[in-house]
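For reference, the chains in residue letters:
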Amino acid sequence: MQQIPNNVYDACPIRQVISRFGDKWSMLVLSTLDQSSSGVLRYSEIQRQITDCSQKMLSQTLRRLESNHLVSRTVYPVVPPKVEYALTDVGRSLMPCINSLIAWAQENFSRVVTV
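Residues numbered from 1 in each chain as written. Predicted model: local features only at pLDDT ≥ 70, side-chain atom pairs only at ≥ 80, totals over all residues. Heavy atoms only, no water.

The name given to the protein chain in an unreviewed UniProt entry is Winged helix-turn-helix transcriptional regulator, and the organism recorded there is Hallella seregens ATCC 51272.

As structure tokens, this is what we get:
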């Protein structure tokens, strides 16, 4: 069997892009923001909807999504501080793909996950 050099995998666009949002929490955050009627949510609103995600993990996930240009963070200079999160244009362009994956998962859940 021929050995494939690591740099071939490192340069793979699919691998590089999916690693930016392919974890469980990122998908849930993106979907939560997408389903918001206003398209904008505060941290506490996201946390209220994703109850099993710890504060630390939610903060890390939001920072990672922001650094990957999928989510924007707006800080308002008020007391107490007000911070809002929203999908960027790039994040919104990703949502049809994620929504298709969600639909597939719902349709095939019982065939994939054996309880």
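Asker: Which parts of the structure should I look at to understand the sheet that holds strand β2 (residues 71-76)?
Answerer: Hydrogen bonds between backbone atoms are what pair the strands of a sheet, whose relative direction is either parallel or antiparallel. On the basis of which strands lie adjacent, the open sheet formed by three strands has the order β1-β3-β2 and antiparallel pairing. Both outer strands of the open sheet, β1 (40-42) and β2, are each paired with one neighbouring strand and no more. Ignoring strand direction, the axes of neighbouring strands in this sheet form an average angle of 30 degrees. Note: β2 against strand β3 (residues 82-87), six bridges, orientation antiparallel. Within β3, the residue paired with Thr74 across the bridge is Glu84. (Pairing = 2+ DSSP bridges. Helix = DSSP H or I, 4+ residues; strand = E, 2+ residues; numbered from the N terminus. Axes fitted to C-alpha atoms, helices over the stretch in contact; angles between N-to-C directions.)

Asker: Just checking my understanding: could you explain the nonpolar core for this structure?
Answerer: In globular proteins that are soluble, nonpolar side chains generally tend to be buried together. One finds Val29, Leu30, Leu33 and Ile46 to be the most contacted residues of the largest nonpolar core, which totals 20 residues. Only α3 (24-35), α5 (55-67), β3 and α6 (89-112) provide two or more residues apiece to this core. Examining the composition of this core, we find that four residues originate from one element, α3, more than from any other. Setting aside its immediate chain neighbours within four residues, Leu30 contacts Phe21, Leu65, Leu70, Val71, Leu87, Leu94, Met95 and Ile98. (Core = buried A, V, L, I, M, F, W, Y, C linked by side-chain atoms within 4.5 Å. Buried < 20%, exposed > 50% of the residue type's maximum accessible area, 1.4 Å probe, protein only. Contact = heavy atoms within 4.5 Å.)

Asker: For this particular structure, what's the right way to read the packing of α3 against α6?
Answerer: Between two packed helices, what matters for the description is the angle formed by their axes and the separation of those axes. Across the interface, α3 lies against α6 with an axial gap of 11 Å and an inter-helix angle of 110 degrees. Classed by the angle they form, the pair α3 and α6 counts as roughly perpendicular. Of the residues in α6, those touching α3 at Met27, Leu30, Ser31 and Asp34 are Leu94, Met95, Ile98, Asn99, Leu101 and Ile102. (Parallel < 35°, antiparallel > 145°, perpendicular 65-115°, else oblique.)

Asker: Hey, could you run me through α5 in this one?
Answerer: An α-helix turns once per 3.6 residues; consequently, residues spaced three or four apart project the same way. Over its 13 residues, α5 extends 18 Å from the first C-alpha to the last, a length consistent with the 18 Å expected when each residue adds 1.5 Å. Along α5, the residues classified as buried are Leu58, Thr61, Leu62 and Leu65. Projected down its long axis, α5 carries its buried residues within an arc of 95 degrees, all on one side. Residues of α5 that are exposed and point more than 90 degrees away from the buried face comprise Lys56 and Arg63. Backbone geometry just after α5 places His69 at a positive phi near 65 degrees. (Expected span 1.5 Å × (residues − 1). Arc of directions from axis to C-beta.)

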